[in-house]
Amino acid sequence: RARVMPPMQKLVDTSPGGLARAVVLAIALYAAVDIRLYAVKEYGRIIHEFDPWFNFRATQYLAENGWLKFRTWFDYMSWYPLGRPVGTTIYPGMQITAVFLWRVLNFVGIEMSLNDVCVFFPAWFGAVATYLVAILTKECSGSGTAAVVAAAVMSIVPAHTMRSVAGGYDNESLAVTAMCLTFYLWCRSLRNAKSWPIGALAGLGYTYMTAAWGGYTFVLNMIGLHAAMLVIYGRYNSELHKAYSLFFVIGTIGALQFPVVGTLPFTSMEQLGPMLVFLGFQVLEFTERTMPKTLRPSDKWTRRFRMYFAALLVLVVTVQALSMAGLYNINGMSVRVKSLFVKHTKTGNPLVDSVAEHQPGSPDSYYRFLHINYYIAPIGFVCSAVHFMYEGSAGSMFLP
């Protein structure tokens, strides 16, 4: 049983410590923007690199033609001479967000060109991600001091800055922010017995993450793994069931709205784990709610095992029957995931094999991406694990 949680320290307040945290947080947010503007200060308000230029072109098309035409847009100038059906092969979250900000800024009297909005977009969202990491850390640790330290690290860590430099208008500049938002909302939904409705917001955050980047599967699996580990560590309750069910149902429905995702939430091997957690939660909740209170503990466990075995048997038979009928098929691992495990071997997809980030990381690359955090992170893992064992809350388990 989780211990009674101590009062959560505020991020900022009027105490001397609170004012000091406010100053550190302000410095972190300023640094998050300023360090990402070096390209603008050096070269001006231009978009650089190949992918950002395509993303900007797609944003222009969305701004000029609207969402309905964007969804059916076939770009004859991309992947020339074959062309590209952009509307069904793109994650449109960044373009939608940029056009929305551009229209809002001009509506309130801040005149900016679409080019300038797209140039500054990564730096703005770098600051937003920094703040979200702060409140995520506070939610998980209960410490405002730890939160501002996390914000200071996030504002300058190379792994994030290199993907969110002003002018580098690429999906990761938004996706990291959406990822941190989803993680925060998920942990916030587990704070107390009345917080579970926030799981619906976590589902919407996951939908936004799905719209932004193909790495949405990482977010889904992280939350699914966290929910499963809470059960293993005896932290299951009806509030966890409600929060995860809301997250999974709303998030999955939202993800299905994007053609590039299609039916992957049900057929991709990389996403089966969280779906099995969802199904398992329904069996677990039904079992606990129908459990006669008069049964002895040993009889209760016997009933649980029978229910779990029956549910597993029904699942296996159903999947097998649908597969034999040709109505359901589980896809293998994507080539991007395979490339992480098949070292020195070509996946067969030149778009994957030619990108360094699709290959297993080396110790040198980890140090370049994390710098001194490369050595500090293991210590942080141990401290987070000890913190969870001492406090026992659902949020504290998310860090380790």
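Before reading on, note that the structure itself is shown above.
Q: I'd love a proper account of the overall build of the chain, names of residues and values included.
A: Along its length, the chain carries 20 helices and 2 strands. On C-alpha atoms alone, the chain measures out to a radius of gyration of 23 Å, which is about the 21 Å that the 2.2 N^0.38 rule sets for 400 residues. Each of the three principal axes of the chain carries a C-alpha extent, and together these read 75 × 65 × 45 Å. The buried share among the 400 residues of the chain stands at 42%. Within the chain, residue pairs in contact and separated by at least 24 positions form 68% of the contacts whose partners lie at least 6 positions apart. When the accessible surface of the chain is summed, it comes to about 21700 Å², and 68% of that surface belongs to carbon and sulfur atoms. Of the side chains in the chain, 31 bear a positive and 21 a negative charge, and the two mean positions are spaced by 12 Å.

Q: Go over the nonpolar core, please, and point to the residues and values.
A: With 87 residues, the main nonpolar core has W186, Y244 and F247 as its most contacted residues. In this structure F247 touches T182, W186, G199, A202, G203, Y206, L220, I223 and T252, once residues within four positions along its chain are discounted.

Q: Account for the packing of helix 5 (residues 93-107) against helix 6 (residues 114-141), with residues named and values stated.
A: Put simply, helix 5 and helix 6 touch, their axes get as near as 10 Å, and they point 110° apart. Put simply, helix 5 runs roughly perpendicular to helix 6. Helix-helix and strand crossings are classified by hand; for helix 5 and helix 6 the assignment is right-handed. Between helix 5, through M94, T97, A98, L101, W102 and L105, and helix 6, the contact on the second element is made entirely by L114, V117, C118, F121, W124 and F125. Residue composition of the contact of helix 5 with helix 6, grouped by class: 11 nonpolar, 1 polar and no charged.

Q: Explain helix 19 (residues 373-391) to me, using residue names and the numbers behind them.
A: Residues separated by three or four positions in an α-helix point in the same direction, a consequence of the helix having 3.6 residues per turn. For helix 19, spanning 19 residues, the distance from its first C-alpha to its last is 25 Å, which sits close to the expected 27 Å at 1.5 Å a residue. Of all the residues in helix 19, the buried ones are N373, S384, F388 and E391. On its buried side, helix 19 packs onto helix 6, helix 7 (144-156), helix 18 (363-370) and helix 20 (394-398). Two residues or fewer past helix 19, G392 is found with a positive phi of approximately 80°.

Q: An account of the side chain of D170 is needed here, citing residue identities and associated values.
A: The residue D170 is located in the loop between helix 8 (158-161) and helix 9 (171-188) in this model. Using a relative accessible area of 12% as the deciding quantity, one classes D170 as buried. Aside from chain neighbours lying at most four places away, what touches D170 is D51, P52, N55, M94 and R163.

Q: Provide a residue-level description of the pattern of salt bridges, including the pertinent values.
A: Enumeration over the complete set of coordinates arrives at 11 salt bridges. One salt bridge in this structure joins R57 and D75, with 2.3 Å as the shortest N-O distance. In this pair, R57 is assigned in helix 3 (residues 50-71) and D75 in strand 1 (residues 74-75), connecting sequence segments 18 residues apart. With a shortest N-O distance of 2.6 Å, E139 and R191 are connected by a salt bridge. Taken together, the residues E139 in helix 6 and R191 in the loop between helix 9 and helix 10 (198-212) connect sequence positions 52 residues apart. Classification of R191 as partly exposed rests on a relative accessible area of 30%. The structure contains a network of salt bridges with shared partners spanning R163, D170 and E172.

Q: Pulling in residues and values, what's your account of the side chain of N55?
A: As for its placement among the helices and strands, N55 is situated in helix 3. The contact partners of N55, leaving out residues within four places of it in the chain, are M94, Q95, Y169, D170 and N171.

Rules behind the numbers
Residues numbered from 1 in each chain as written. Predicted model: local features only at pLDDT ≥ 70, side-chain atom pairs only at ≥ 80, totals over all residues. Heavy atoms only, no water. Helix = DSSP H or I, 4+ residues; strand = E, 2+ residues; numbered from the N terminus. Rg over C-alpha atoms; globule rule 2.2 N^0.38 Å. Buried < 20%, exposed > 50% of the residue type's maximum accessible area, 1.4 Å probe, protein only. Contact = heavy atoms within 4.5 Å. Areas by Shrake-Rupley, 256 points an atom, 1.4 Å probe, with all protein chains shown as cover. Lys, Arg positive; Asp, Glu negative; His and termini not counted. Charge placed at Lys NZ, Arg CZ, Asp CG, Glu CD. Core = buried A, V, L, I, M, F, W, Y, C linked by side-chain atoms within 4.5 Å. Axes fitted to C-alpha atoms, helices over the stretch in contact; angles between N-to-C directions. Parallel < 35°, antiparallel > 145°, perpendicular 65-115°, else oblique. Left-handed = near helix turned anticlockwise from the far one by under 90°. Nonpolar A, V, L, I, M, F, W, Y, C, P; charged D, E, K, R; others polar. Expected span 1.5 Å × (residues − 1). Salt bridge = Lys/Arg side-chain N within 4 Å of Asp/Glu carboxyl O.

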